[in-house]
Amino acid sequence: MFATFYTCPDQPSLLGEPVPQEPTGFLQASRCIVEHDCLTLVTEKEGDHYSVALPCPVRRVWPIRYGILLEQRVTASEIDAQKNEPESLPTFYSLLNPLDETNPLLYCTGYSGSDRPAYMSDLAQRAVFMSPDPSSCILFSSGNNSHTTWKTRRARTEVIVPPPLYLVVQPLPALTYRAIGGVLDLCVFQGPTPNDVVRRYTAVVGKPFLPPCWFLGHHQCRFCYGSTKRTRESGSKHGRLGYPLTLSGMILTT
């Protein structure tokens, strides 16, 4: 499949600046090859190769004005199973640049646009047509056998929703993590005791350095004694009263 990327995708600014709705930067005509678990992108002019991890099994890759749209492959059994699940992962993802991350697609309904945007996670929805210009798409819902037409555009800064991280507690002892966007690296350190977990953890990250002996003793500190004489008097008084003391300090301000 052929697609067009741009060298400057102009990610939404953190300063509240408006997001340009027209592509910016230099055009990068590319070829997209869907493999088992990744997407290979080859630019036509420079011949650069990029490999992008797929967030889900892909049914089809659609070219859009700003890059490509990835549509999840869904089976009939998964559509039926979704009815019993309160939360589902998104089914559409966008890629604006070969060096970018895949981001879940947001949708917003309502004539005034007042409805809160959400992730497109209805497994019964599938794309049947996509147009880069005008930037639009047609979806078909197998749930109610209807077609809907949507305008595709870049999300404005004020409507961007953080990618969710679903944590499901299974019958013990098990947890299920479901995350979208970014990279999730998990390291599991088995027990069965807490000491075993700490031992295996420190074998990977290393153990903390051993502090000096005085650091392990009793410290006494306050804000500004006023003079070195008063600091020494405080240390001597600790000794006379039998309080252990290995460090006496002052907090100085400028």
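For the structure, see preceding data.
As the structure is a computational prediction, the values presented were derived from the model and not from experiment. (Residues numbered from 1 in each chain as written. Predicted model: local features only at pLDDT ≥ 70, side-chain atom pairs only at ≥ 80, totals over all residues. Heavy atoms only, no water.)

Visitor: So what exactly am I meant to see when it comes to the overall build of the chain here?
Guide: Per the secondary structure count, the chain includes 3 helices and 17 strands. Contacts in the chain between residues at least 24 apart in sequence constitute 49% of all its contacts with a sequence separation of at least 6. Approximately 17,600 Å² of the chain is accessible, and the part contributed by carbon and sulfur atoms is 57%. (Helix = DSSP H or I, 4+ residues; strand = E, 2+ residues; numbered from the N terminus. Contact = heavy atoms within 4.5 Å. Areas by Shrake-Rupley, 256 points an atom, 1.4 Å probe, with all protein chains shown as cover.)

Visitor: Is there a simple way to explain the side chain of Asn97 in this structure?
Guide: You can see Asn97 is positioned in the loop between β7 (92-95) and β8 (103-104). In terms of polar contacts, Asn97 uses its side chain to reach the backbone carbonyl oxygen of Tyr6, at 2.6 Å. (Polar contact = N/O pair within 3.5 Å; in protein donor to acceptor, adjacent residues only side chain to side chain.)

Visitor: Would you mind going over helix α3 (residues 228-241) with me for this structure?
Guide: Each turn of an α-helix holds 3.6 residues, which means side chains three or four residues apart point in the same direction. Here α3 spans 20 Å end to end across 14 residues, near enough to the 20 Å set by a 1.5 Å rise per residue. Of all the positions in α3, only Thr231, Ser234 and His238 are classed as buried. An end-on view of α3 places all buried positions within 55° of arc, on one side of the element. The exposed residues of α3 that point more than 90 degrees off its buried face are Thr228, Lys229, Arg232, Gly239 and Arg240. Downstream of α3 by a residue or two, Gly242 has a phi angle that is positive, lying close to 85°. (Expected span 1.5 Å × (residues − 1). Buried < 20%, exposed > 50% of the residue type's maximum accessible area, 1.4 Å probe, protein only. Arc of directions from axis to C-beta.)

Visitor: Would you explain the pairing of strand β11 (residues 125-131) in this entry?
Guide: On a regular strand, one side chain projects to one face of the sheet and the next to the other, so that they alternate. Both β11 and strand β12 (residues 136-141) contribute to a ladder of 6 bridges, which runs antiparallel. Considered in β12, the bridge of Gln125 is made with Ser141. Counting the residues in the hairpin turn of β11 and β12 gives 4 residues. (Pairing = 2+ DSSP bridges.)

Visitor: Help me understand the pattern of salt bridges in this model?
Guide: A complete count under the given rule lists 3 salt bridges for this structure. Between Glu71 and Arg59 there is a salt bridge, with the nearest N and O atoms lying 2.6 Å from each other. Highlighted residues: Glu71 in strand β6 (residues 67-72) and Arg59 in strand β5 (residues 58-64), separated in sequence by 12 residues. Residue Arg59 is classed as partly exposed on the basis of its relative accessible area, which comes to 36%. Taking the shortest distance from any N to any O, the salt bridge between Arg65 and Asp133 comes out at 3.1 Å. Here Asp133 lies in the loop between β11 and β12 and Arg65 lies in the loop between β5 and β6, a separation of 68 residues in the sequence. (Salt bridge = Lys/Arg side-chain N within 4 Å of Asp/Glu carboxyl O.)

Visitor: In this structure, what is going on with helix α2 (residues 194-205)? I would like to understand it.
Guide: In this model, α2 (12 residues) spans 16 Å end to end at C-alpha, consistent with the 16 Å of a helix rising 1.5 Å per residue. Positioned one or two residues after α2, Gly206 has a phi angle of 95°, which is positive.

Visitor: Help me understand the sheet that holds strand β3 (residues 38-43), please; the structure alone is not making it clear to me.
Guide: Pairing between sheet strands relies on hydrogen bonds along the backbone, with the strands arranged either parallel or antiparallel. On the basis of which strands lie adjacent, the open sheet formed by 4 strands has the order β1-β2-β3-β4 and antiparallel pairing. On the outer flanks of this sheet lie β1 (2-6) and β4 (49-53), each paired with one strand and no other. Here the strands of the sheet are splayed against their neighbours by 35° on average, with no regard to which way each runs. When β3 meets β4, the two strands line up antiparallel, connected through 5 bridges. Opposite Cys38, over in β4, you have Ala53 as the bridge partner. (Axes fitted to C-alpha atoms, helices over the stretch in contact; angles between N-to-C directions.)

As far as function goes, none of this settles anything; it's purely spatial.
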